[in-house]
Amino acid sequence: MINYNININNGIQAFDAEGKTITVSEATQTVDTQVLAREIHHENMLIPEQVAEAVLQNFATAALNLMRQGFAIQFKSGNDVIMRIYPDVNVNGGNINLRRAKELIPGTTEITADNAAELVSQAGITVRPRAKCTRRFWELLHSEDCDVQRKDIVEKAKVLRSHP
């Protein structure tokens, strides 16, 4: 059973979003590696819970080591990729358009292959871990009886504009 909350949002002043809107959000519980290890053992009795838990506890370190080497990690269910984690690389501050290029390197008149590397170097790069689930994972979640149930109705206060 997947629980969800109904949220009554009373607007966001910074976005000129006046009036109420309704959204829903998951109301999930969190499990630790011990619970997941027990579930892995139930799926395959040849894998002791202690071994599964040790693998899960070492997962983050192993994944980080591979991502630092430029690898993405794919999780499969049978032959289907269901989730991918990877190092997500982005330009600091968002994309560089001509206006921003002129701020980064005064006198820039256009974005070219000759100045692109310097522009990105001036802006900087951010690398963060990212996880994405595939459409196939969604299909698998819905292929079994996937019951949802309302847990609460939550009224959220209007978000006021903050001033720096």
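Bear in mind that the values here come from a model prediction, so they are computed numbers and not experimental data.

Caption draft 1: How the structure looks around the overall build of the chain. Within the chain one finds five helices and six strands. Each helix and strand of the chain, placed in order from N terminus to C terminus, yields the pattern β-β-α-α-β-β-α-α-β-α-β. Over its C-alpha trace the chain gives a radius of gyration of 23 Å, far above what one expects of a compact globule, namely 15 Å for 164 residues. With the C-alpha coordinates aligned to their principal axes, the bounding extent of the chain is approximately 65 × 50 × 30 Å. Looking at the chain residue by residue over its 164 residues, the buried ones come to 15%. In the chain, the proportion of contacts linking residues at least 24 apart, taken out of those at least 6 apart, comes to 50%. One way to put it: in the chain the 18 positive side-chain charges average out to a point 6 Å from where the 20 negative ones average out.

Caption draft 2: The arrangement of the pattern of salt bridges in detail. Taken as a whole and assessed by the stated rule, the structure comprises eight salt bridges. Of the charged contacts in the structure, one is a salt bridge between E155 and K20, with a shortest N-O distance of 3.3 Å. One end of the pair, E155, is in strand β6 (residues 148-156); the other, K20, is in the loop between β1 (2-9) and β2 (21-26), and 135 residues separate them in sequence. Measuring nitrogen to oxygen at the nearest pair gives 3.3 Å for the salt bridge that ties D88 to R130. Of the two residues, D88 is situated in strand β4 (residues 80-91) and R130 in strand β5 (residues 125-133); the sequence distance between them amounts to 42 residues. For R130, a relative accessible area of 30% gives the class partly exposed. Put simply, D80, R135, R136 and E139 are held in one network by salt bridges that share partners.

Caption draft 3: The pairing of strand β3 (residues 73-77), seen in detail. Sheet topology note: the β3/β4 ladder contains five bridges and is antiparallel. Residue pairing across strands places F75 opposite M83, the latter belonging to β4. Count of turn residues in the β3/β4 antiparallel hairpin: two residues, of which G78 carries a positive phi of about 70°.

Caption draft 4: Up close: the pairing of β1. For β1 and β6, the ladder comprises eight bridges, and the chain directions are parallel. The residue of β6 that forms the bridge with I8 is E155. Two elements, β1 and β2, share six bridges in a ladder whose sense is antiparallel. Each residue of the ladder has a partner; that of I6, found in β2, is V24.

Caption draft 5: Just the sheet that holds β1, in detail. Strands sit in the order β2-β1-β6 across an open sheet of three strands; the sheet is mixed. Each edge of the open sheet carries a strand with a single partner, namely β2 and β6. Adjacent strand axes in the sheet meet at a mean angle of 25° when their direction is disregarded.

Caption draft 6: Expanded view of the packing of helix α1 (residues 33-43) against helix α2 (residues 49-68). Look at α1 against α2: their axes get within 8 Å of each other, and the N-to-C directions meet at 130°. Viewed along their axes, α1 and α2 adopt a mutual orientation that is oblique. Viewed along their axes, α1 and α2 form a crossing whose handedness is right-handed. Contacts from T33, Q34, L36, A37, R38, I40 and H41 of α1 reach α2 at E49, A52, E53, L56 and Q57. By residue class, the composition of the contact of α1 with α2 is five nonpolar, four polar and three charged.

About the cut-offs
Residues numbered from 1 in each chain as written. Predicted model: local features only at pLDDT ≥ 70, side-chain atom pairs only at ≥ 80, totals over all residues. Heavy atoms only, no water. Helix = DSSP H or I, 4+ residues; strand = E, 2+ residues; numbered from the N terminus. Rg over C-alpha atoms; globule rule 2.2 N^0.38 Å. Buried < 20%, exposed > 50% of the residue type's maximum accessible area, 1.4 Å probe, protein only. Contact = heavy atoms within 4.5 Å. Lys, Arg positive; Asp, Glu negative; His and termini not counted. Charge placed at Lys NZ, Arg CZ, Asp CG, Glu CD. Salt bridge = Lys/Arg side-chain N within 4 Å of Asp/Glu carboxyl O. Pairing = 2+ DSSP bridges. Axes fitted to C-alpha atoms, helices over the stretch in contact; angles between N-to-C directions. Parallel < 35°, antiparallel > 145°, perpendicular 65-115°, else oblique. Left-handed = near helix turned anticlockwise from the far one by under 90°. Nonpolar A, V, L, I, M, F, W, Y, C, P; charged D, E, K, R; others polar.

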